[in-house]
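Structural overview
Read off the chains here:
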Amino acid sequence: MRSRIGAVMLSVVSLLAMWAAWGTGAVKSMSTGYGLATHGAWVDCGATGWSLGAAMAATVAVAVVMVVLNRTFNILRTTTIVFAGMYMVMQGAIPDTGAQFTAGMVLNFALLAVIALIYTTYHSPQSTDRVFLAFCIVSAGSLWQYSFVPYLLALFFAMGQMRCMCGRSFLAALLGIATPYWIAWGLGIVPLDGFHLPEFTNPFAVFANNPDVPVLVAVGFTLMAGFVLTVLNLVKVYSYNARSRSINGVITIMTFITQLLCVADVANVADYVPMLNCCTAFQLALYFRINTERRGYLPVLAMIVVYAAIYVWNLLA
């Protein structure tokens, strides 16, 4: 009960922090990538009132979905919702990505839905319809933002974790990838020459011209904390039963892929920050669950302090 009250309080404080950052003009627009069939499809919402409202609603929605996902599939083997509160804290600590509606929030929500679909395929190679739908969602997103593309590879690894990989499911995955492109071309929405590879920019040039040090520090801290927590958790997760190992394995795959993308595509890091925060929050909660009797709350408190300091730095920068 106390952890639930604490998570709710953290969520409320985080929402107030987003609103305060917007009110003080501390929210700056972040660059975002394009899609494989669109250029500039994402409208730069900026620090508008409706963008703030949409961002706050999306953040709460993701936190709720995380709670539902955990209770449905018993990811953490506990009913605590500390991860939802920590996700809200991480979002609020970086107003540039948390207090305005970004493509990363859509990516975050879509991937949670896809993870839920993949979880239902455990030891079920015949669940080709759900495999098709999962890949179709991510593939459709790649038409709009190329940040979806690497997660197609992550889904293949996830299928291996869920022990649902077979000839039929692999074919369903390929059809799911091709279908959005086939529909977009077949209906004349995108001409054949409208498809293109993503255009990567030089991250060093981007940040040399407009460095956003607080954001980089926040992302760097989250990357480091998430990586350490994931590695520590793997030692314990390895002793779980097969289903629990598979369930947590999918989260681990998503964590490592997202961390790699934040480094490889740092110029468009805003696309990955919400998902990075989501995965790190899950890993933190799992560490808290594993080390409940060994002061597992200390990393939680330490991270709250660090994110609070980063938030204040954002306001003053």
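Below is a summary of the structure that appears in this document. Not measured: the values here are computed from a predicted model.

1. Some details on the packing of helix α5 (residues 103-119) against helix α12 (residues 273-290)
- Running from amino to carboxyl end, α5 crosses α12 at an angle of 45 degrees, the nearest separation of the two axes being 7 Å. In terms of orientation, α5 and α12 fall into the oblique class. For the pair formed by α5 and α12, the contact residues are Gly104, Met105, Asn108, Leu111, Leu112 and Ile115 on the first element and Pro274, Met275 and Cys278 on the second.
- Its residues assigned to classes, the contact of α5 with α12 comprises seven nonpolar, two polar and no charged.

2. Notes on the packing of aromatic side chains
- Taken as a whole and judged by the stated rule, the model has seven aromatic pairs.
- Between Phe73 and Tyr119 the ring centres are 5.0 Å apart and the planes differ by 55 degrees, which places this aromatic pair in the tilted class. Remark: Tyr119 occurs in helix α5 and Phe73 occurs in helix α2 (residues 49-73); sequence separation between them is 46 residues.
- Its relative accessible area of 11% is what places Phe73 among the buried residues.
- We classify Tyr119 as buried; its relative accessible area is 3%.

3. Focus on the environment of Asn314
- Relative to the elements of secondary structure, Asn314 occurs in helix α13 (residues 297-316).
- Those residues in contact with Asn314 that lie beyond four places of it in its chain are Ala26, Ala93, Ile94, Pro95, Pro214 and Val215.
- Looking at Asn314, its side chain comes within polar contact range of the main-chain oxygen of Ala93, at 3.2 Å.

4. What about empty space enclosed by the protein?
- Following the criterion strictly, the structure yields one cavity of 30 Å³ or more and no others.
- When its volume is computed, the largest cavity comes out at roughly 60 Å³.
- Lining the largest cavity are Ile75, Leu76, Thr230, Asn233, Leu234, Val237, Asn248, Ile251, Thr252, Phe282, Gln283 and Leu286.
- Elements supplying a minimum of two residues to the lining of the largest cavity: α10 (213-237), α11 (242-264) and α12.
- When residues of the lining of the largest cavity are assigned to their parent elements, the largest contribution, four residues, is made by α10.
- Considering only residue class, the lining of the largest cavity consists of seven nonpolar, five polar and no charged.

Cut-offs applied
- Residues numbered from 1 in each chain as written.
- Predicted model: local features only at pLDDT ≥ 70, side-chain atom pairs only at ≥ 80, totals over all residues.
- Heavy atoms only, no water.
- Axes fitted to C-alpha atoms, helices over the stretch in contact; angles between N-to-C directions.
- Helix = DSSP H or I, 4+ residues; strand = E, 2+ residues; numbered from the N terminus.
- Parallel < 35°, antiparallel > 145°, perpendicular 65-115°, else oblique.
- Contact = heavy atoms within 4.5 Å.
- Nonpolar A, V, L, I, M, F, W, Y, C, P; charged D, E, K, R; others polar.
- Phe/Tyr/Trp six-rings, centres within 6.5 Å; stacked < 30°, edge-to-face > 60°.
- Buried < 20%, exposed > 50% of the residue type's maximum accessible area, 1.4 Å probe, protein only.
- Polar contact = N/O pair within 3.5 Å; in protein donor to acceptor, adjacent residues only side chain to side chain.
- 1 Å grid on protein atoms, 1.4 Å probe; cavity = no way out; pocket = protein on both sides within 12 Å on 5 of 7 lines; lining within 4 Å.
- Points joined across faces, edges and corners; volume = space filled by probe spheres on them.

These results come straight from atomic positions and should not be treated as a statement about function.
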